[in-house]
Amino acid sequence: MCRSIASYEPAHKAGLFVLKGGTMNKVQILTICQACSGQAYVPVGEEVSPTGAKYIRHRRCFFCDGTGKQTHWVDLDEFARMLTAIAVEEQET
Ligand SMILES: [Zn+2]
């Protein structure tokens, strides 16, 4: 539970979804996929094309299924702290 504020930073840039109904006080947030840094594709190595040119081959990131984003569920207490952190961040910049 002691994650740094920096780890929340991509959340408000990527998007936000609130779960409605039920008894779960959870909020779903989207963050940048850390495996591919939001690129959705990751390099798998160098290849040579039929024309002899070298290029870096990419494959779809299977951590985020090629979306470049990851979803997380956070409870409302944690979400409130995130909002505070974002507000402070925006005041400082
Ligand atoms: Zn990814």
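For clarity, every value in this text was computed on a predicted model and none was experimentally measured.

### Let's talk about the overall build of the chain
- If you tally the helices and strands in the chain, you get 2 helices and 5 strands.
- Ordering the α and β elements of the chain from the N terminus gives α-β-β-β-β-β-α.
- Here the chain holds 93 residues, and 12% of them are scored as buried.

### Digging into the pairing of strand β4 (residues 54–60)
- Burial within β4 is sparse, with just 0 of its 7 residues counted as buried.
- Between strand β3 (residues 41–48) and β4, which pair antiparallel in sequence order, lie 5 residues; one of them, G52, sits at a positive phi of approximately 95 degrees.

### Observations concerning the nonpolar core
- Core analysis: the biggest nonpolar cluster contains 5 residues, these being V27, I29, L30, F79 and M82.
- Elements with a contribution of two residues or more to this core: β2 (26–32) and α2 (76–92).
- Per-element tally for this core: the top contributor is β2, with 3 residues.

### Thoughts on unusual backbone geometry
- With a phi close to 75 degrees, A40 is a non-glycine residue in the positive phi region.
- Inspection of the secondary structure assignment puts A40 in the loop between β2 and β3.
- Phi is positive for D65, close to 55 degrees, though the residue is something other than glycine.
- Within the secondary structure layout, D65 lies in the loop between β4 and β5 (69–75).
- Residue D65 is classed as exposed on the basis of its 12 C-beta neighbours within 10 Å.

### Looking at the environment of R60
- Inspection of the secondary structure assignment puts R60 in strand β4.
- Residue class for R60 comes out partly exposed when judged on the 13 C-beta atoms lying within 10 Å of it.
- Sequence spacing of R60 and A40 is 20 residues, and the spatial spacing of their C-alpha atoms is 6.2 Å.
- If sequence neighbours within four positions are ignored, R60 has contacts with A40, Y41 and G66.

### Observations concerning the confidence of the model for the chain
- On average, residues of the chain score 79 in pLDDT, and 73% of them reach the 70 mark or higher.
- Looking at the elements of the chain, mean pLDDT is at its lowest for helix α1 (residues 11–14), recorded as 46, and at its highest for β4, recorded as 93.
- For residues 1–14, every residue scores under 50 in pLDDT, and the model assigns this stretch 14 contacts once sequence neighbours within four places are set aside.

Calculation criteria
Residues numbered from 1 in each chain as written. Predicted model: local features only at pLDDT ≥ 70, side-chain atom pairs only at ≥ 80, totals over all residues. Helix = DSSP H or I, 4+ residues; strand = E, 2+ residues; numbered from the N terminus. Buried ≥ 20, exposed ≤ 12 C-beta atoms within 10 Å, placed from the backbone. Pairing = 2+ DSSP bridges. Core = buried A, V, L, I, M, F, W, Y, C linked by C-beta atoms within 7 Å. Contact = placed C-beta atoms within 7 Å. pLDDT = per-residue confidence, 0-100.

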